[in-house]
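Coordinate inspection notes
What follows is the residue order along each chain.
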Amino acid sequence: MCALAMTSLCRRCSLVVVLQLLHIHSLGIYAFKHQIGKDNGTFSTSDQPFPWNKLRLPDMVVPIRYELYVHPNLTTVHFTGLERIEIFVRKNTSFIILHSKGLEITSAVLLPKDDLGSSQPGKQLQVLEHATHEQIALQAPEVLTAGQRYLVVIEFHSRLADGFDGFYKSTYKTRDGETRVIATTDFEPTSARMAFPCFDEPSFKANFAITIRRERKHIALSNMPKIKTIELEGGLLEDHFDVTVKMSTYLVAYIVCDFKSVQATTSSGTKVSIYASPDKWSQTHYALEVAVKLLEFYEKYFDIRFPLPKLDLVAIPDFQSGAMENWGLITYRETSLLYDPKTSSAFDKLWVTKVIAHELAHQWFGNLVTMEWWSDIWLNEGFARFMELVSISATYSELQIEDYFLNVCFGAIARDSLNSSHPISNPAETPTQIKEMFDTVSYDKGACVLKMLRDFLTEEVFQKGIIHYLKTYGYRNAKNDDLWNSMANTCSESDFSSGSFCYTASRPVSNTFSHMEKLTEIKEMMNTWILQKGIPLILVQCEGKTLRLRQERFLKGVFEEDPEWSNLQSRYFWHIPLTYVTSSSDTVHRHILKTKADRLELEEEVTWVKFNVDMSGYYIVHYEGNGWDNIIKLLNQNHTLFSHKDRVNLIHNAFQLVSAGRLSLNTALDLTRYLRHESSNIVLLQGVGYLEMLYHMMERRNISDVTENLKRYILQHFKPVIDKQTWSEEGSVSDRMLRSDLLRLACELQYPPCIQKANELFSKWMGSGGTLNLTADVLKTVYSVGAQTMAGWNYLLKQYSLSISGAEKNKILYALTTSRHCEKLTMLIELGMEGEVIKPQDLPALIHAIARNPEGQGLAWNFVRDNWNKLLEKFELASFSLRTIITGTTSHFSSKDKLEEVKHFFRSLENQGSQLKITEVVLETITKNIRWLKRNLNSLRKWLLNNL
């Protein structure tokens, strides 16, 4: 067992023992010996009112520096801690309010910062607790004077958390079945308070000096490099880490583990290390290559060196999200960092590269410059998502990230076209509300709006603006307006003299003013995208040389004839940087639509126009009159008249407009008919994806005639491209991703050649004892076909427990969820709840996948309803995991009966005090599904009969 030989520090230690063990002689031993040696016990708050009644901390006291000493005992899974916080008093006060959650505080003492050598004892602080607000008040016996610095010394202890937040326990199994324990942290957004009392808000930045005690067979990691190790009595070691730069509490991190690493050094001298459990060390090499390459790219792009001497990336066995950007010590779910060439597909490679790019971008956007409050988390997450596109395009062009990024914006639109969406910048006060801000609007819409802004400003000006932003607000906090001001003040002396394009606060500066006259003030424009929810719909009417434009709010599932329509439209409008090409010119024309309606006069008559060139903008376009008919005719005649991104955009827009009642389903389906001639992989995937979505909707509702005809249509219409797919690893990344998706779908639709080949490969793999190397891109398909027999399913479950590749385990788990036997699906959920064979971190994805299975959708939904309280014990209320479970089991429903069931369940949650924004999203989504079916089912049925 991986355990400490010595138990945690006892709760009531004498001064000499505490100071000797924790090495805090600098505090002044004599000054403390009469105070810390007392049996202080745990302070009760029941008989005294809490002196602060707000969720946000007061700013009367601010932290300057923390010295934190932590000893996790991996045998008892407890930890003890001692911290001294240097504070600065801004206003006279007799109490200090800070955060603490689940910690038992055994002592709190106050000393004047400049009086440490005095023989006077420190003053004991009374500790009051406000559990609901996750706050404690340290009540001083006298007023703390404004302008003075003090030291607050706190002793505390707690259990290592069982979940994924705070300072928590993680376990892994070695090849020979031994379970080992590590201790790790994850503090974003409000969980540092679970590990040590602190000012746990992003604007309370401070320096941190961290010391960790460990057993000899372990290592300790933290944000900064280790500067010394002290050997203690009993064989324990104590690692002292260098003082951090000024940063927010949610970025503090420390780990005690027995991991192995690979290292390299960047051209600027930063040491980069990738850590993983010993058996998975061989899967760390790709991540090291990517991390070094991307870190060097970001230093050049931002014109700011990475400010720390080292950067560690660590694969954590139990991790709730994809990764966490702790400064200098980034933690990852294993599948987001480790790459196994034998079992990792092209998509897995893209995913690992993307997550590393995201977290490294955070070292500047988020860590160096931090949003002032969580309502603007998009300044962190939207930028990091956007920088995935910028950095990978520049460093790994073969991954074709620009094509993938279209899906990022499609995901944002899916959420943002519902009335239950929210503005990118949105008020959030409680921990629950703050956690809910980490969603597709903050991440994906934020990124897509930034991409639109870059296209509007030009790449050069955009880059100058963000460099200005980062250099101006480094080690500080920023708001939306700070970003716009930086974007609007990018001019230097050389720009003026050379005539280069840049911005001043008042107007653009350039030696050519052709299109610049159309520019609006950045802040005014961007506020229409950041401070209001939703996405605009551009209605285009082409009449000879005249283009008539109107803008509306785009809403799915709500139609013009509905009584609530006008109310949902009022007050919504955007400043929209439009781009378009026409039949008479491939030049990209630009126009800013700042009013509800506008008119453009062209130089000559055109037969067609295409707006949102290469989908550079965040808006939907509807071509009125015969606009769509002309586009469909063009696609059938010569689809290469439009770029492949424009073709993806057209397919997406058409099906979105069907959901908004603007376009008939027949027209959208007619548009896809040209796809048999399509040569672009990303366009094929988009078109097939919509047909597959319709297939699954019909299959779930057991509308058998339409289901069967959709299957026939897909297999007939795309037979040539399906038959072209090999089961090898040849081709580009997009070739491999197309192969993976098409073969999976073909086998799901029971296409005989696909089933036969997959069964043949599965039999060979099973016969080899799981040692035969199959092409990673087809593993999911092969395993899914193999899982349809009892023997195959049981063998896959056995291999799942043995595999040390997270990428392979994901593929096996997905395959297991495709079984049509309810008892097998029930067993999977039970294993997920037990948490041994299937880890709790994988339970949300497991439940989601089972709900996707027509045989499992009722099972998954009933399980969630019956086991809600047990799920709350595993995942926090507003966590990404719980939201995934809610949406995964309900969002596909499309009947009134199910809508009522879901409403009833959500009402019961509200009665228990569980208020979640995601419930509004789900109910609106189900309502939209119901209305979609009512309007389009007969059309779909007839269209298929006419086209088979």
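Within the protein, the secondary structure is distributed over 31 helices and 31 strands. Taking the principal axes of the C-alpha coordinates as reference, the protein spans close to 95 × 75 × 55 Å. Within the protein, the proportion of its 948 residues that are buried is 63%. When contacts within the protein are restricted to residue pairs at least 6 apart in sequence, those whose partners lie at least 24 apart make up 72%. Taken as a whole, the protein presents about 35200 Å² of accessible surface, with 49% of it coming from carbon and sulfur.

Turning our attention to the sheet that holds strand 28 (residues 585-593). Spatially, the 3 strands line up as an open sheet ordered 28-27-30, and their pairing is antiparallel. The open sheet terminates on both sides in strands that have one partner only, identified here as strand 28 and strand 30 (609-611). Neighbouring strand axes in the sheet, compared pairwise and without regard to direction, differ in orientation by 25° on average. As paired strands, strand 27 (residues 576-582) and strand 28 are joined by 6 bridges and run antiparallel to one another.

Moving on: the state of the cysteines. Applying the stated criterion to the full structure yields 2 disulfides. In this model, Cys 409 is linked to Cys 448 through a disulfide, with the two sulfur atoms separated by 2.1 Å. In this structure the cystine formed by Cys 409 and Cys 448 twists about its S-S bond by roughly -110°; its chirality is therefore left-handed. One end of the pair, Cys 409, is in helix 6 (residues 401-416); the other, Cys 448, is in helix 8 (residues 440-457), with 39 residues separating them in the sequence. Overall, the relative accessible area of 2% leaves Cys 448 in the buried class. The residue that forms a disulfide with Cys 747 is Cys 754, at a sulfur-sulfur distance of 2.1 Å. Residues Cys 747 and Cys 754 share a disulfide whose torsion about the S-S bond is about -100°; that sign makes it left-handed. Take Cys 747 and Cys 754: they sit in the same class, and that class is buried.

Residues Phe 196, Tyr 254 and Ile 356 are the most contacted members of the largest nonpolar core, which totals 316 residues. Top contributing element to this core by residue count: helix 3 (residues 285-302), with 12 residues. When near neighbours in sequence (up to four residues on either side) are disregarded, Ile 356 contacts Ala 287, Val 290, Ala 291, Leu 294, Leu 313, Tyr 332, Ser 336 and Leu 337. The next biggest cluster of nonpolar side chains, apart from the first, holds 6 residues, and it includes Leu 82, Leu 111, Leu 151 and Val 153.

Burial analysis of strand 4 (residues 104-112) places 7 of its 9 residues in the buried class, the great majority of the element. Where strand 4 and strand 5 (residues 123-124) come together, 2 bridges link them in antiparallel fashion. Residue pairing for strand 5: Leu 110 is matched across the bridge by Lys 123.

Now for the environment of Lys 471. As for its placement among the helices and strands, Lys 471 is situated in helix 9 (residues 459-472). Separated by 10 residues in the primary sequence, Lys 471 and Asp 481 have C-alpha atoms spaced 16 Å apart. In this structure, Lys 471 is in contact with Phe 302, Asp 303 and Ile 304, ignoring residues within four places of it in sequence. There is a polar contact of 2.7 Å between the side chain of Lys 471 and the side chain of Asp 303.

With that settled, consider the confidence of the model for the protein. Keep in mind that low pLDDT regions are not for reading the predicted coordinates in detail. When pLDDT is averaged along the protein, the result is 91, and 91% of the positions lie at 70 or above. For the stretch residues 1-44, pLDDT sits under 50, and the model shows 112 contacts to residues farther than four places along the chain or on other chains. Counting interchain partners and residues more than four positions distant, the pLDDT-below-50 stretch residues 493-501 has 21 contacts.

Time to look at helix 24 (residues 806-816). Across the 11 residues of helix 24, 10 count as buried, placing the element largely inside the fold. Buried within helix 24 are the following residues: Gly 806, Ala 807, Glu 808, Lys 809, Lys 811, Ile 812, Leu 813, Tyr 814, Ala 815 and Leu 816.

Taken as a whole, this structure holds 45 aromatic pairs when the rule is applied. Ring plane angle 65° and centroid distance 5.0 Å describe the contact between Phe 79 and Phe 167, whose orientation is recorded as edge-to-face. Here Phe 79, found in strand 2 (residues 78-89), pairs with Phe 167, found in strand 9 (residues 166-173); they are 88 residues apart in sequence, far enough to count as distant. In this structure Phe 167 comes out as buried when scored by relative accessible area, which is 2%. Each ring, one from Tyr 713 and one from Trp 943, has its centre 5.1 Å from the other, and the planes form 75°; the classification is edge-to-face. One end of the pair, Tyr 713, is in helix 18 (residues 704-717); the other, Trp 943, is in helix 31 (residues 917-947), with 230 residues separating them in the sequence. Tyr 713 gets classed as buried once you look at its relative accessible area, which sits at 2%.

Time to look at the layout of surface pockets. Taken as a whole, the second largest pocket holds about 1200 Å³ of empty space. Every residue lining the second largest pocket is counted, 44 residues in all, and those nearest its centre are Thr 171, Asp 318, Gly 835, Glu 836 and Lys 839. Of all elements in the fold, only strand 9, helix 23 (790-802), helix 24 and helix 28 (868-874) reach the threshold of two or more residues within the lining of the second largest pocket. Per element, the largest residue contribution to the lining of the second largest pocket is 5 residues, and it comes from strand 9. Classifying every residue of the lining of the second largest pocket gives 13 nonpolar, 15 polar and 16 charged.

Time to look at the side chain of Ser 805. By the element assignment, Ser 805 lies in the loop between helix 23 and helix 24. Separated by 2.6 Å, the side chains of Ser 805 and Thr 343 make a polar contact. Leave out the neighbours within four places in its chain, and Ser 805 touches Gln 283, Asp 340 and Thr 343.

Below, the discussion takes up the packing of helix 6 against helix 8. Interaxial distance between helix 6 and helix 8 falls to 9 Å at its minimum, and their mutual angle equals 120°. One way to sum up the angle between helix 6 and helix 8 is to call them oblique. By crossing handedness, the relation of helix 6 to helix 8 is classed as left-handed. Contacts between helix 6 and helix 8 involve Phe 405, Val 408, Cys 409, Gly 411, Ala 412, Arg 415 and Asp 416 on the former and, on the latter, Thr 440, Val 441, Asp 444, Lys 445, Ala 447, Cys 448 and Lys 451. The class makeup of the residues in the contact of helix 6 with helix 8 is 7 nonpolar, 2 polar and 5 charged.

Turning next to the sheet that holds strand 29 (residues 597-601). Read across the sheet, 4 strands follow the order 29-26-25-31 without closing on themselves; strand pairing throughout is mixed. This sheet does not close on itself; its edge strands, each paired only once, are strand 29 and strand 31 (620-623). Adjacent strand axes in the sheet meet at a mean angle of 25° when their direction is disregarded. As judged from the 9 bridges shared by strand 25 (residues 535-543) and strand 26 (residues 546-554), these two strands associate in the antiparallel manner. Directly across from Pro 536, in strand 26, lies its bridge partner Arg 553.

Another aspect to go through is the pattern of salt bridges. Applying the stated criterion to the full structure yields 59 salt bridges. For Glu 460, the salt bridge identified is with Lys 464, shortest N-O distance 3.9 Å. You can see Glu 460 and its partner Lys 464 sitting in helix 9, 4 residues apart, about one turn around the helix. A salt bridge links Asp 723 to Lys 719, with the nearest nitrogen and oxygen atoms 2.6 Å apart. In this pair, Asp 723 and Lys 719 both sit in helix 19 (residues 719-724), 4 residues apart, roughly one turn of the helix.

The subject of this paragraph is the packing of helix 14 (residues 627-638) against helix 16 (residues 665-672). Contact geometry for helix 14 and helix 16: axes closest at 9 Å, N-to-C directions at 20°. By the angle between their axes, helix 14 is roughly parallel relative to helix 16. Handedness of the helix 14/helix 16 crossing: left-handed. Residues Trp 628, Ile 632 and Leu 635 of helix 14 form the contact with helix 16, whose participating residues are Thr 667, Asp 670 and Leu 671. A breakdown of the residues in the contact of helix 14 with helix 16 according to their chemical character gives 4 nonpolar, 1 polar and 1 charged.

Attention now goes to unusual backbone geometry. Negative phi is the rule for most residues except glycine; trans is the rule for most peptide bonds. Backbone torsion omega between Glu 188 and Pro 189 reads 0°, so that peptide bond is classified as cis. Topologically, Pro 189 is positioned in the loop between strand 10 (179-186) and strand 11 (207-214). Even without being glycine, Asn 702 reaches a positive phi, approximately 60°. Tracing the sequence through the fold places Asn 702 in the loop between helix 17 (681-700) and helix 18. For Asn 702, a relative accessible area of 62% puts it in the exposed group.

Reading guide: rules and limits
Residues numbered from 1 in each chain as written. Predicted model: local features only at pLDDT ≥ 70, side-chain atom pairs only at ≥ 80, totals over all residues. Heavy atoms only, no water. Helix = DSSP H or I, 4+ residues; strand = E, 2+ residues; numbered from the N terminus. Buried < 20%, exposed > 50% of the residue type's maximum accessible area, 1.4 Å probe, protein only. Contact = heavy atoms within 4.5 Å. Areas by Shrake-Rupley, 256 points an atom, 1.4 Å probe, with all protein chains shown as cover. Pairing = 2+ DSSP bridges. Axes fitted to C-alpha atoms, helices over the stretch in contact; angles between N-to-C directions. Disulfide = S-S within 2.5 Å. Core = buried A, V, L, I, M, F, W, Y, C linked by side-chain atoms within 4.5 Å. Polar contact = N/O pair within 3.5 Å; in protein donor to acceptor, adjacent residues only side chain to side chain. pLDDT = per-residue confidence, 0-100. Phe/Tyr/Trp six-rings, centres within 6.5 Å; stacked < 30°, edge-to-face > 60°. 1 Å grid on protein atoms, 1.4 Å probe; cavity = no way out; pocket = protein on both sides within 12 Å on 5 of 7 lines; lining within 4 Å. Points joined across faces, edges and corners; volume = space filled by probe spheres on them. Nonpolar A, V, L, I, M, F, W, Y, C, P; charged D, E, K, R; others polar. Parallel < 35°, antiparallel > 145°, perpendicular 65-115°, else oblique. Left-handed = near helix turned anticlockwise from the far one by under 90°. Salt bridge = Lys/Arg side-chain N within 4 Å of Asp/Glu carboxyl O.

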